[in-house]
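# Commentary on secondary and tertiary structure
Residues per chain, in single letters:
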Amino acid sequence: MPSALNDLKVIPRVTYGTASAPFLATRSLKTLADELKKEFPKATDVICSDIYMDGILSGEATIEDAKNLQAQICELLLRAGFQLHKRVSNRPDLLRDLSTPSHSFDKRQDVGP
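So, here is what we can say about the structure in this document. Quick caveat, the model's predicted, so the values are computed rather than measured. (Residues numbered from 1 in each chain as written. Predicted model: local features only at pLDDT ≥ 70, side-chain atom pairs only at ≥ 80, totals over all residues. Heavy atoms only, no water.)

Before going further, it helps to spend a moment on the overall build of the chain. Scanning the chain from N- to C-terminus turns up three helices and four strands. Going from N to C terminus, the chain has its helices and strands arranged as α-α-β-β-α-β-β. Taking all 113 residues of the chain together, the buried fraction comes to 20%. (Helix = DSSP H or I, 4+ residues; strand = E, 2+ residues; numbered from the N terminus. Buried < 20%, exposed > 50% of the residue type's maximum accessible area, 1.4 Å probe, protein only.)

The geometry of helix α1 (residues 21-35) relative to helix α2 (residues 41-49) is characterised by a closest axis approach of 9 Å and an angle of 160° between their N-to-C directions. Looking at the two axes, α1 sits roughly antiparallel to α2. Where α1 crosses over α2, the two elements pack in a sense that is left-handed. Across the interface between the two elements, Leu29, Lys30, Ala33 and Asp34 of α1 pack against Thr44, Ile47 and Cys48 of α2. Tallied by class, residues from the contact of α1 with α2 come to four nonpolar, one polar and two charged. (Axes fitted to C-alpha atoms, helices over the stretch in contact; angles between N-to-C directions. Parallel < 35°, antiparallel > 145°, perpendicular 65-115°, else oblique. Left-handed = near helix turned anticlockwise from the far one by under 90°. Contact = heavy atoms within 4.5 Å. Nonpolar A, V, L, I, M, F, W, Y, C, P; charged D, E, K, R; others polar.)

Among the secondary structure elements, Pro41 is positioned in helix α2. A residue is classified by how much of its surface remains accessible, and Pro41, at 39% relative accessible area, is partly exposed. The sequence separation of Pro41 and Gln72 amounts to 31 residues, and the corresponding C-alpha distance is 8.6 Å.

Relative to the assigned elements, Gln72 resides in helix α3 (residues 63-79). A polar atom in the side chain of Gln72 sits 3.4 Å from the backbone nitrogen of Lys42. Apart from the residues within four sequence positions on either side, Gln72 is in contact with Phe40, Pro41, Lys42 and Ala43. (Polar contact = N/O pair within 3.5 Å; in protein donor to acceptor, adjacent residues only side chain to side chain.)

Attention now goes to the nonpolar core. If you look at the biggest cluster of nonpolar residues, it comprises 12 residues: Leu29, Leu32, Ala33, Leu36, Phe40, Ala43, Val46, Ile47, Leu69, Ile73, Leu76 and Leu77. Those elements that provide at least two residues to this core are α1, α2 and α3. If one sorts the elements of this core by residue count, α3 sits on top with four residues. Ignoring sequence-local partners within four residues, the contact set of Leu32 consists of Leu76, Leu77, Ala80 and Phe82. (Core = buried A, V, L, I, M, F, W, Y, C linked by side-chain atoms within 4.5 Å.)

Geometric descriptors of this kind do not, in isolation, establish any biological role.
Take a look at the structure:
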C-alpha cells in the first residue's frame, strides 16, 4: 500500500481561481525578494512594499535612480522567469529604452517642468 507522501504531487505554478491564489502569488514574490536581497537591494525593497494586486507602484528622486531601479526589478524578476509587460510612467525618459508593446505614456497627464 503506497504511503501518503508517495501520493503527494507538487504543482510548480500558482493556480488562479482558488481562494489562496493572491496570497501564493504575493508570497512567491516576497520569497524571491528575500533570496536575492544581496544582489538587488532596492528592487527587493520595492517588491516587498510597493506591489498592489498585479502592479508595482514606485518611484525615485531622479530619472537615473528610477532607471537603475527599473533595471534591478526587471533582472530580479527575470531570474525567476517573470517577464514584465505593461509599463506606464509619467516620464517618457523611463520608457525610451523599452520595446513599444511593453509600455505606454499618458500624454494627457501633466508631468511638470
